[in-house]
Amino acid sequence: MLNLFKNKKKDVNSDVNNEMLSNDELPYSNEYPNEQVMFEVKNFNFYYDKKSKLALKDINLEIFKNKVTAFIGPSGCGKSTLLRCFDRMNELIQDSSYDGQILYKNKEIHSFNTIELRSKVGMVFQQPNPFPMSIYNNVSYGPKCQGLKDKKELDKIVLNSLKDVGLYDEVSDRLNISGSSLSGGQQQRLCIARCIAMSPDVILMDEPTSALDPIATQKIEELIKKLKEKYTIIIVTHNMQQAARISDYTAFFMLGELVEFNKTEEFFARPKNKKSEDYITGKFS
Amino acid sequence: MDIAKTELELVEMAKFVKESLHFAFSYYFDKNLNKENIIDDAKVNAYERQIEEECLLSILKERPFATDLRKLTGYFKVVEDLERLGDHAEDIAWCTSSLAKFKENIRIPKLDFMINECLKMVDDSIDALIKGDVALANRVIANDDLIDTTYLDILNLLPELKKDKNLDDEFVIFYTLLNKYVERIADHASNVAEWAIYIKSGFYKDRNII
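Residues numbered from 1 in each chain as written. Chains lettered and ligands numbered in written order. Predicted model: local features only at pLDDT ≥ 70, side-chain atom pairs only at ≥ 80, totals over all residues. Heavy atoms only, no water.

For the rest of this paragraph, the subject is the overall build of chain B. Within chain B, the secondary structure is distributed over six helices and two strands. Its helices and strands taken in sequence order, chain B reads α-α-α-α-α-α-β-β from the N to the C terminus. Radius of gyration (C-alpha) of chain B: 19 Å, near the 17 Å computed for a compact globule of 210 residues. Taking all 210 residues of chain B together, the buried fraction comes to 50%. (Helix = DSSP H or I, 4+ residues; strand = E, 2+ residues; numbered from the N terminus. Rg over C-alpha atoms; globule rule 2.2 N^0.38 Å. Buried < 20%, exposed > 50% of the residue type's maximum accessible area, 1.4 Å probe, protein only.)

Further remarks concern the sheet that holds strand E8 (residues 232-236) of chain A. All names here are of chain A. An order of E6-E7-E8-E3-E9-E10 is seen for the six strands of this open sheet, with the pairing classed as mixed. Looking at which strands have only one partner, the edges of the open sheet turn out to be strand E6 (121-124) and strand E10 (257-263). Geometrically, the sheet is characterised by an average inter-axis angle of 20° between neighbouring strands, direction not taken into account. Taken together, the six bridges between strand E9 (residues 249-254) and E10 define a ladder with antiparallel strand orientation. Note on E10: the bridge partner recorded for Thr250 is Asn262. Across the sheet, helix H1 (residues 79-86) lies against strand E3 (68-72), E6, strand E7 (202-206), E8 and E9, angled at about 150° from E7, the strand it touches most. In the packing of helix H6 (residues 184-196) onto the sheet, contacts are made with E6 and E7, and the angle to E6 comes to roughly 170°. (Pairing = 2+ DSSP bridges. Axes fitted to C-alpha atoms, helices over the stretch in contact; angles between N-to-C directions. Contact = heavy atoms within 4.5 Å.)

A separate point is the sheet that holds strand E4 (residues 97-104) of chain A. Residues and elements named next belong to chain A. Judged by pairing direction, the sheet is antiparallel, and its four strands sit side by side in the order E2-E1-E4-E5 without closing on themselves. Two strands close off the open sheet at either side, each with one partner strand: strand E2 (53-64) and strand E5 (107-108). Two elements, strand E1 (residues 37-48) and E4, share seven bridges in a ladder whose sense is antiparallel. By the bridge assignment for E4, Phe46 is matched with Tyr98. Lying over the sheet, H1 contacts E1, E2 and E4, oriented at roughly 120° with respect to E1.

Turning next to the layout of surface pockets. All names here are of chain A. The volume enclosed by the largest pocket comes to roughly 520 Å³. What lines the largest pocket is a set of 19 residues, among which Arg118, Phe131, Gly142, Arg194 and Met198 lie closest to the centre. Breaking the lining of the largest pocket down by element, the ones donating at least two residues are helix H2 (114-120), E6, helix H3 (135-145) and H6. Residue composition of the lining of the largest pocket, by class: 11 nonpolar, five polar and three charged. Lining the second largest pocket are 19 residues, with Ala244, Thr264, Glu265, Phe268 and Ala269 positioned closest to its centre. At five residues, the largest contribution of residues to the lining of the second largest pocket is made by helix H9 (residues 264-269). (1 Å grid on protein atoms, 1.4 Å probe; cavity = no way out; pocket = protein on both sides within 12 Å on 5 of 7 lines; lining within 4 Å. Points joined across faces, edges and corners; volume = space filled by probe spheres on them. Nonpolar A, V, L, I, M, F, W, Y, C, P; charged D, E, K, R; others polar.)

Another point: the nonpolar core. Judged by nonpolar contacts, the single largest core of 69 residues is most densely connected at B:Leu21, B:Leu82, B:Leu111 and B:Tyr175. At the level of secondary structure, the elements contributing two or more residues to this core comprise helix H1 (3-29), helix H2 (41-62), helix H3 (66-100), helix H4 (109-131), helix H5 (134-165) and helix H6 (169-201) of chain B. Setting aside chain neighbours within four positions, we find B:Tyr175 in contact with B:Tyr28, B:Leu99, B:Ile106, B:Ile108, B:Leu111 and B:Leu158. Core analysis: the next-biggest nonpolar cluster, separate from the first, contains 45 residues, A:Ile72, A:Leu182, A:Ala197 and B:Phe65 among them. (Core = buried A, V, L, I, M, F, W, Y, C linked by side-chain atoms within 4.5 Å.)

Right, here's the structure in full:
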């Protein structure tokens, strides 16, 4: 397919274009010309407690299509806060507010209704949280909520989603058992299957392996590497080795500020910022 | 992470190797020195094993990044060259002892020049390693071409010398070996300088490794 937008440089100062682009049409980054921009965060501040606490300060950041971006930094640095801004979950927190912009496919995220946005921007949490229902119903829940009733179509979505997360062979003979009866690692993959059943563009992951054993962690990490072929992934992790292993880009946050955004290999080998160097070499935590 | 301890041991090893080479060439220039006091190759080997082990354990336990990773991987590699420099100090001493058995006694000014240049390269490469001085390391590397040319000149000169001065075959062979060892020492000094650059910048032979 001829991509008319290839090499079209994005004007970062342009006003918001309210036209939503297809994935092929996404603009290319100025700084990383081979990357297409899925999300763009512009001069973004986020506040808790009626603006008494500034959690994110003047964040400017691009998230690239079909890449894994890791958010790292000490506890309380704002990385999970920013993650939750992408699907507007932070707005559920009382007395929180924001200013600045987050563009999703060149369109301000507040121009979407939350259901529409969250069907395209899925979230996987730290603790696996299958719904109290069967494996089949966990995966088909989203499409059903979107109004899909065709059983054959639902079967296909469940099958493909479970296959994509490498769970199908493990549960194909017991799709009717409760999702909660699976092991922790299987539950987390079920949650990822539930997420991709909605055919999202982006998967947000908030420390998805911190509650899992090393073998389950390795399976999720391998899965993330595979999933980026189809989806854009943002992962918050405290595990720097994990960020180094699975991400393409790394954003390092401290005290609500984005200290450094860089290609992961460069970030962990030759960080540009002294604070990044000190953090990854354990000179402070 | 105990990189500081490993770093100190590397500095000790580098200084010990440097002193060994200076002793070895002093022995060549002044055969009255006691060669038994010159070289303790076992000590150099022990340094190498110790530093390699500490680097591997730190990588295993700490999973280092950035400067720490460059230091540990760089130290792991540079000890090989330092150990070879230690070996060559022993080789120089052995060649000198062997030459001393002959009645012939010649001086080859080009070889003396090459030895002095080579010792300077060793000193500078070790300084560059210890201080993280990239400019100095680059000067060491640039000097290696001069050593290579001089080595070839001497190699071509030896048959003529043998003929002119009617030198013993074995005597000439020892000089050939000596010439080769000096050239190899300069090569290893260049390698040390290349690792010094890598440890400082992540570049190895103009290629960005990490």
